[in-house]
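# Per-entry structural report
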Amino acid sequence: MLHLKNLCKEFAGTPLFTDISWHLKKGERVGLVGENGAGKSTLMRIIAGQVEHSSGELQFARGATVGYLPQDGIVTRGRPLFREVLGALDDLQAMESEIRGLTASLEQASHDDPGYRELLERYGHLQEEFRLRGGYAMEAEVGVVLTGLGFHPDDWDKDCGTFSGGWQMRIALAKLLLRKPNVLLLDEPTNHLDIEARNWLEEYLCSYPYSVMLVSHDRFFLDQVCSRIAEVWNHAMTDYHCNYSNYLLQREARVDALREAKRRQDEEVEKLEDFIRRFRYKADKASLVQSRIKQLEKIERIVLPPERKKIRFRFPDPPKAGKIAMELKRVTKGYGARIVLDGIDLTVESGEKLALVGHNGAGKSTLMKVLNGAEFQGGERAPGHNLVIDYFAQDQADALDGSRTAYEELYEGAPYDMVPRLRDLLGAFLFTGDDIHKKVGVLSGGERNRLALAKMLLRPANLLLMDEPTNHLDLFSKEVLLDALRAFPGTVVFVSHDRHFIDGLATRVVEVEGGSLTSYHGDYEYYLAKKSGEAIDTPAGSSHLEPRTSLLEPASKKERLKSREEEKQRQKEERSRQKRIAEVEGAIELAEKELARIEEKLADPVNSGDYALLQQLGGEHAAADARLAALYGEWEELQG
């Protein structure tokens, strides 16, 4: 479907990609991963034809179409939502219009007309093509996609211009999915989706009939959708034929092997250089020295890319608190005539990691604001003993002062005893060197979010209220934040649309729906199982709740058995691969020893006059060197 041949891209003389050769097959779903700035979005824009590459070729299958969804910047207005999205199927609409015209012409034309047969053939051909391409169901399909992405039927007649930025991106995504391009490029498609819409998109992409390449900072989404991971790292692309979780394991093993290969190469280079230094000025060793110099020049040096930087931090130890962190009793909160929270009760116990879930607009952020002390119309808010709250709002990064530098923004709210540690704190959040003097107004979304999180570390709190803290964080930063929150001994109430983040942190899930709250005393998997009606063991101390409408249909027994068999086969192949790697590494060790033995004989002054022996040893050395190169080639192939 797509073939990149020796693709290169440079910016101001600095290489971003170097000689990338890569192939995307029909029906593959590939996750594109790499650090921020590695070039993931640039590569997608090159494939989409929006950015020129420096050299190399892009080859598409004949008739292939490309569709690209950027991270942001798409705004549509002037037409009702349904008509705008239906416009994505303009070719089918044109076909439908032609069919209507042909129908009218056939009704008026005489059977004896010379052109009647031609009209009839064209009508039959168009009608069949229209049917095969789903033309008769196109309006129903538009409805399915809009509903799946979270648009209520009441919204379908609204002008597109009335929708906010996040919903604008959903409109663009809906149009792209309906067009069904042969190569579908999605750059952070889940950024503006709630969990229900993400679950729907997962299922849609898993059954998508063509090729998909996507960038996402949602680990669970990558695991569910992608069967292949392409890593952009060190100006190159490396393939891993697995999901994201397995990629992390395989990548670590590959980097470890690369480090070991570099260590061995360094030893070999040092040995050659030592020989050259010792015998460079001895006439009787001139040929041997020249041989070593040529050997040294042939060695393709292994370059280890710099270690990935990560945020490393822990939240300050919280002040001691009572058993109950916060209690809401019969709280009602509304906006005008619209009641968002209708007489709700909620008790948050100290030490809980409580996740609020529900569709967009259900009232999760409103509940967070009430917990933080915002006004409400009725009921009671009862803070626990010695409660100290720190609140991270959904738009917390927007509350930063754009005229200040990163250091000044942190300094403004820092207690006196924290001032000497501010630079260390900024360094922990990847603000190093001159970065601390950057104006907040020029920082990226991810940088502003990291700075806002850093401000939470200035003062100790025992209740953290965090509304979408992972927005704009990359996969690695999310993992570090997750580890820090797991280790935090205080209480956390949080909202997140990242399934992996919720799975890893939540000890209780509270669903906000229809103005009321429903608690599920367990982790997120327990919540999903209860929602789908799946039979599970109830955790000790949990309340029995009736199953409700399914959010995620459980896999059938046949599918689970198939999945297990595939996993067994993968494990078998992996064991076989690891066994062969061990065998090759053993053979490499023996070959290196043999090569060293031959080199010692060649370097021995006693043999310097025995030309027959030197000739024999030279042949043996060439054969041993070729054998070693072949073994290293096989080893690299096994690692790839």
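Residues numbered from 1 in each chain as written. Predicted model: local features only at pLDDT ≥ 70, side-chain atom pairs only at ≥ 80, totals over all residues. Heavy atoms only, no water.

### As for the overall build of the protein chain
- Across its full length, the protein chain carries 19 helices and 18 strands.
- Relative to its 640 residues, the protein chain shows a buried fraction of 45%.
- A fraction of 67% describes how many contacts in the protein chain between residues 6 or more apart in sequence connect residues 24 or more apart.
- Side chains of the protein chain give 87 positive and 103 negative charges; the mean places of these two sets differ by 3 Å. (Helix = DSSP H or I, 4+ residues; strand = E, 2+ residues; numbered from the N terminus. Buried < 20%, exposed > 50% of the residue type's maximum accessible area, 1.4 Å probe, protein only. Contact = heavy atoms within 4.5 Å. Lys, Arg positive; Asp, Glu negative; His and termini not counted. Charge placed at Lys NZ, Arg CZ, Asp CG, Glu CD.)

### Focus: the packing of aromatic side chains
- A complete count under the given rule lists 14 aromatic pairs for this structure.
- Taken together, a centroid distance of 4.8 Å and an interplanar angle of 50° make the contact between Phe275 and Phe279 tilted. Within this pair, Phe275 and its partner Phe279 are both found in helix α9 (residues 244–279), separated by four residues, close to a single helical turn. Comparing Phe275 with Phe279 shows no difference in burial state: the two are buried.
- These aromatic residues form a ring-pair network of at least three members: Trp200, Tyr204, Tyr208 and Tyr210. (Phe/Tyr/Trp six-rings, centres within 6.5 Å; stacked < 30°, edge-to-face > 60°.)

### Examining unusual backbone geometry
- Phi angles above zero are rare outside glycine, and Lys180 is one such case at about 50°.
- Here Lys180 lies in the loop between α6 (165–179) and β6 (183–187).
- Residue Lys180 is classed as partly exposed on the basis of its relative accessible area of 27%.
- For Arg330, which is not glycine, the phi torsion reads 50° and is therefore positive.
- Within the fold, Arg330 resides in strand β10 (residues 324–335).
- Taking relative accessible area as the criterion, Arg330 reaches 53% and is therefore assigned exposed.

### Some words on the environment of Lys530
- Tracing the sequence through the fold places Lys530 in helix α17 (residues 524–532).
- Classification of Lys530 by relative accessible area gives buried; the value is 10%.
- Along the chain, Lys530 and Tyr520 lie 10 residues apart, while their C-alpha atoms are 8.3 Å from each other.

### Remarks on the nonpolar core
- The biggest cluster of nonpolar side chains holds 57 residues, and the ones touching the most others in it are Leu81, Leu146, Leu205 and Leu214.
- Examining the composition of this core, we find that eight residues originate from one element, α6, more than from any other.
- The next biggest cluster of nonpolar side chains, apart from the first, holds 49 residues, and it includes Ile195, Met418, Phe429 and Val440. (Core = buried A, V, L, I, M, F, W, Y, C linked by side-chain atoms within 4.5 Å.)

### A short note on helix α14 (residues 445–455)
- Burial analysis of α14 places nine of its 11 residues in the buried class, which makes it a mostly covered element.
- Considered for burial, the residues of α14 that qualify are Gly445, Gly446, Glu447, Asn449, Arg450, Leu451, Ala452, Leu453 and Ala454.
- Where α14 is buried, its residues contact β14 (389–392), α12 (406–412), α13 (422–428), β15 (463–467) and α15 (475–487).

### Quick notes on the packing of helix α5 (residues 138–148) against helix α7 (residues 195–206)
- At a closest axis distance of 9 Å, the pairing of α5 and α7 adopts a crossing angle of 135°. In terms of their interaxial angle, α5 and α7 are classed as oblique. Contact with α5, carried on its side by Glu141, Val144, Val145 and Gly148, involves Ala197, Trp200 and Tyr204 of α7 and no other residues of that element.
- Grouping the amino acids of the contact of α5 with α7 by side-chain chemistry returns five nonpolar, one polar and one charged. (Axes fitted to C-alpha atoms, helices over the stretch in contact; angles between N-to-C directions. Parallel < 35°, antiparallel > 145°, perpendicular 65-115°, else oblique. Nonpolar A, V, L, I, M, F, W, Y, C, P; charged D, E, K, R; others polar.)

### Some points on the pattern of salt bridges
- All told, the structure shown has 34 salt bridges when counted by the stated rule.
- Across the salt bridge formed by Arg122 and Glu98, the nearest N and O atoms sit 2.9 Å from each other. Of this pair, Arg122 sits in helix α4 (residues 116–132) while Glu98 is found in helix α3 (residues 90–108), placing the two residues 24 residues apart along the sequence.
- Residues Glu583 and Arg580 are paired through a salt bridge, measuring 3.1 Å at the closest nitrogen-oxygen approach. Linking Glu583 with Arg580, this pair stays in helix α18 (residues 557–603), spanning three residues, or about one helical turn.
- For Arg580, a relative accessible area of 32% corresponds to the partly exposed category. (Salt bridge = Lys/Arg side-chain N within 4 Å of Asp/Glu carboxyl O.)

### A closer look at the sheet that holds strand β9 (residues 236–240)
- Spatial ordering of the open sheet is given by β5-β6-β7-β3-β8-β9, a layout of six strands whose pairing is mixed. The open sheet has two free edges, formed respectively by β5 (66–69) and β9, since each of these has just one partner strand. Shown here is a sheet whose adjacent strand axes are inclined to one another by a mean of 20°, direction ignored.
- Across five bridges, the pairing between β6 and strand β7 (residues 211–215) is parallel. (Pairing = 2+ DSSP bridges.)

### A closer look at the sheet that holds β10
- Sheet architecture is open: three strands sit in the order β11-β10-β13, paired in antiparallel fashion. With one partner strand each, in any of the chains shown, β11 (338–349) and β13 (378–383) form the two edges of the open sheet. Ignoring which end each strand starts from, the neighbouring axes of this sheet average 15° apart.
- Alignment of β10 against β11, held across eight bridges, turns out to be antiparallel. Within the sheet, the bridge partner assigned to Ile324 lies in β11 and is Glu349.
- Against the sheet, helix α11 (residues 364–372) engages β10, β11 and β13, with an angle of about 125° to β10.

### Brief notes about the environment of Leu92
- Mapping Leu92 onto the fold places it in helix α3.
- What makes Leu92 buried here is its relative accessible area of 4%.
- Measuring from C-alpha to C-alpha, the distance between Leu92 and Asp112 comes to 31 Å, with 20 residues separating the pair along the chain.
- Contact partners of Leu92, with chain neighbours within four places excluded, come to Phe130, Arg133, Gly135 and Met138.

### A short note on the confidence of the model for the protein chain
- With 92% of its residues at a pLDDT of 70 or more, the protein chain has an overall mean of 82.
- Across the protein chain, strand β16 (residues 491–495) holds the top mean pLDDT of 94, while α18 sits lowest at 74.
- Counting interchain partners and residues more than four positions distant, the pLDDT-below-50 stretch residues 535–555 has 40 contacts. (pLDDT = per-residue confidence, 0-100.)

### Comments concerning the pairing of strand β8 (residues 228–233)
- When you tally the buried positions in β8, you get six out of six residues, the bulk of the element.
- Residues Arg228, Ala230 and Val232 line one face of β8 and the alternating positions Ile229, Glu231 and Trp233 line the opposite face, and both faces are buried.
- Taken together, the five bridges between β8 and β9 define a ladder with antiparallel strand orientation. The residue of β9 that forms the bridge with Trp233 is Ala236.
- Connecting the antiparallel pair β8 and β9 is a turn made up of two residues, with Asn234 showing a positive phi of about 60°.

### Focus on the packing of α6 against α7
- Running from amino to carboxyl end, α6 crosses α7 at an angle of 20°, the nearest separation of the two axes being 13 Å. Taken together, the axis directions place α6 and α7 in an arrangement best described as roughly parallel. Along this stretch, α6 crosses α7, giving a crossing that reads as left-handed. Contacts between α6 and α7 involve Arg170, Leu173 and Leu177 on the former and, on the latter, Ala197, Trp200, Leu201, Tyr204 and Leu205. (Left-handed = near helix turned anticlockwise from the far one by under 90°.)

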